[in-house]
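# Observations on the three-dimensional arrangement
Residues per chain, in single letters:
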Amino acid sequence: MSSTSAAPGRGEKPPMRDALVAAAFRLFLERGYEQTTVDDIVTLAGVGRRSFFRYFPSKEDVVFPDHERCLADMEAFLAAGDAADEPVRRVCDAARLVLGMYGENPTFSVQRYRLTKQVPGLRAYELSVVRRYQRALAGYLRARFAGRPDGTLRADVIAAAVVAAHNNALRSWLRSDGRGDAGAEVDRALAYVQSTYAEAPEPPRAAAAEADGDVVVVVSRRDAPLWRVVKELETVLGHG
């Protein structure tokens, strides 16, 4: 959910868009983010300013080129669910969809992570993206928990927990320069969320309840003979 997501070149993105992202990161690494202007980027990419702003509203957006599509994918995945889906598992699976973008180019993801750490403005921008992912998860959960008196609170807490667990594992992987299995780390983190918040399936109803019969509780001494217990039971049931 941190927006340090997929590398340029994924899917069917326009070549010019990829060229702008590649040029921007080359300059960011060589000169620094603050020292690089949009004019510098378009000059290196060999396009005009209008082409840049056709794809990216600002210089910050070229650092996070895929988060809008990533958010749309998450929302579509959540919307495609049904009432049979366990809600907490569904939002954890949505987080895994986001993770898929990170692992496609670990080098790019690590570079962006380092850049974001160095530039306070980019960190603030990234946090705003994270909040949008969290709102999407919370919105889905609020709808699923609508009949509960604590539905809104539960939805917001679980959404925050999913984001925190996902980002904790992801950043650990990024700090290791993309070594190791990011998927396994995120799975462990999300498993913790599921074990804490997911609701177990409702157990089968007892036979007595299925028969809609009465449930009778008899209190007797531990050392009472069986015939006395039976006699007390008959008395309660009106058979004595």
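Here, every reference points to the structure presented above.
This write-up is about the structure you can find in this document. (Residues numbered from 1 in each chain as written. Predicted model: local features only at pLDDT ≥ 70, side-chain atom pairs only at ≥ 80, totals over all residues. Heavy atoms only, no water.)

### Looking at the nonpolar core
To keep things clear, this is the line we draw: Buried Ala, Val, Leu, Ile, Met, Phe, Trp, Tyr and Cys residues that are joined via side-chain atoms within 4.5 Å together make up what is termed a nonpolar core. Any residue under 20% of the maximum accessible area for its type is buried, any over 50% is exposed, and the rest in between are partly exposed; the area is computed with a 1.4 Å probe on protein chains only. Secondary structure is summarised from DSSP: a helix means a run of H or I of at least four residues, a strand means a run of E of at least two, and numbering begins at the N terminus for each. Here a residue-residue contact requires only that any non-hydrogen atoms of the pair lie within 4.5 Å.
Phe28, Val63, Leu137 and Val162 are the most contacted members of the largest nonpolar core, which totals 61 residues. Among the elements that line this core, the one with the most residues is helix α9 (residues 151–175), at 11 residues. Those residues in contact with Val162 that sit more than four places away from it in its chain are Val91, Cys92, Ala95, Leu137, Leu190 and Val193.

### Some words on the environment of Ile158
Within the element layout of this structure, Ile158 appears in helix α9. Look at Ile158 and you get buried, because its relative accessible area is 0%. Expressed as a C-alpha distance, the spacing of Ile158 and Val193, which sit 35 residues apart in the sequence, is 7.8 Å. Other than its neighbours up to four places away in sequence, Ile158 contacts Val88, Val91, Leu141, Phe145 and Tyr197.

### Looking at the packing of helix α7 (residues 106–118) against helix α8 (residues 120–144)
We count it as follows: Axes here refer to lines fitted to C-alpha atoms; in helices the fit is confined to the stretch in contact. Angles between the N-to-C directions go from 0 to 180 degrees. Orientation labels follow simple angle bins: below 35 degrees gives roughly parallel, above 145 gives roughly antiparallel, 65 to 115 gives roughly perpendicular, and whatever is left gives oblique. Side-chain classes are defined by residue name, with Ala, Val, Leu, Ile, Met, Phe, Trp, Tyr, Cys and Pro counting as nonpolar, Asp, Glu, Lys and Arg as charged, and the others, Gly among them, as polar.
Running from N to C, α7 and α8 cross one another at 110 degrees; their axes reach a closest spacing of 5 Å. It follows from the interaxial angle that α7 and α8 lie roughly perpendicular. On the side of α7, the interface is formed by Leu115, Thr116 and Gln118, while α8 contributes Pro120, Leu122, Arg123 and Glu126. Taken together, the residues that form the contact of α7 with α8 break down as 3 nonpolar, 2 polar and 2 charged.

### Side note on the pattern of salt bridges
Note the following rule: Salt bridges are defined by distance alone: a side-chain nitrogen of Lys or Arg within 4 Å of a carboxyl oxygen of Asp or Glu.
Under the criterion given, the structure shown has 17 salt bridges. Note that Asp156 is salt-bridged to Arg142, the shortest N-O span being 2.8 Å. Highlighted residues: Asp156 in helix α9 and Arg142 in helix α8, separated in sequence by 14 residues. The class for Asp156 is partly exposed, based on a relative accessible area of 29%. By relative accessible area, Arg142 is classed as partly exposed at 41%. Linked through salt bridges whose partners overlap, the residues forming this network are Arg17, Asp66, Arg69 and Asp73.

### Observations concerning the environment of Gly32
Mapped onto the elements of the fold, Gly32 is located in the loop between α1 (15–31) and α2 (38–45). The exposure class assigned to Gly32 is buried, which follows from its relative accessible area of 17%.

### Section: α8
Note the following rule: In this analysis, the expected span of each helix is defined as 1.5 Å times one less than the number of residues it contains.
The first and last C-alpha atoms of α8 sit 36 Å apart over 25 residues, in line with the 36 Å expected at 1.5 Å per residue. Those residues of α8 not exposed but buried are Leu122, Tyr125, Glu126, Val129, Val130, Tyr133, Ala136, Leu137, Ala138, Tyr140 and Leu141. Looking at the buried positions of α8, the neighbouring elements they touch are α4 (59–63), α5 (67–79), α6 (87–102), α7 and α9.

The quantities given are spatial measurements derived from coordinates; they are silent on function.
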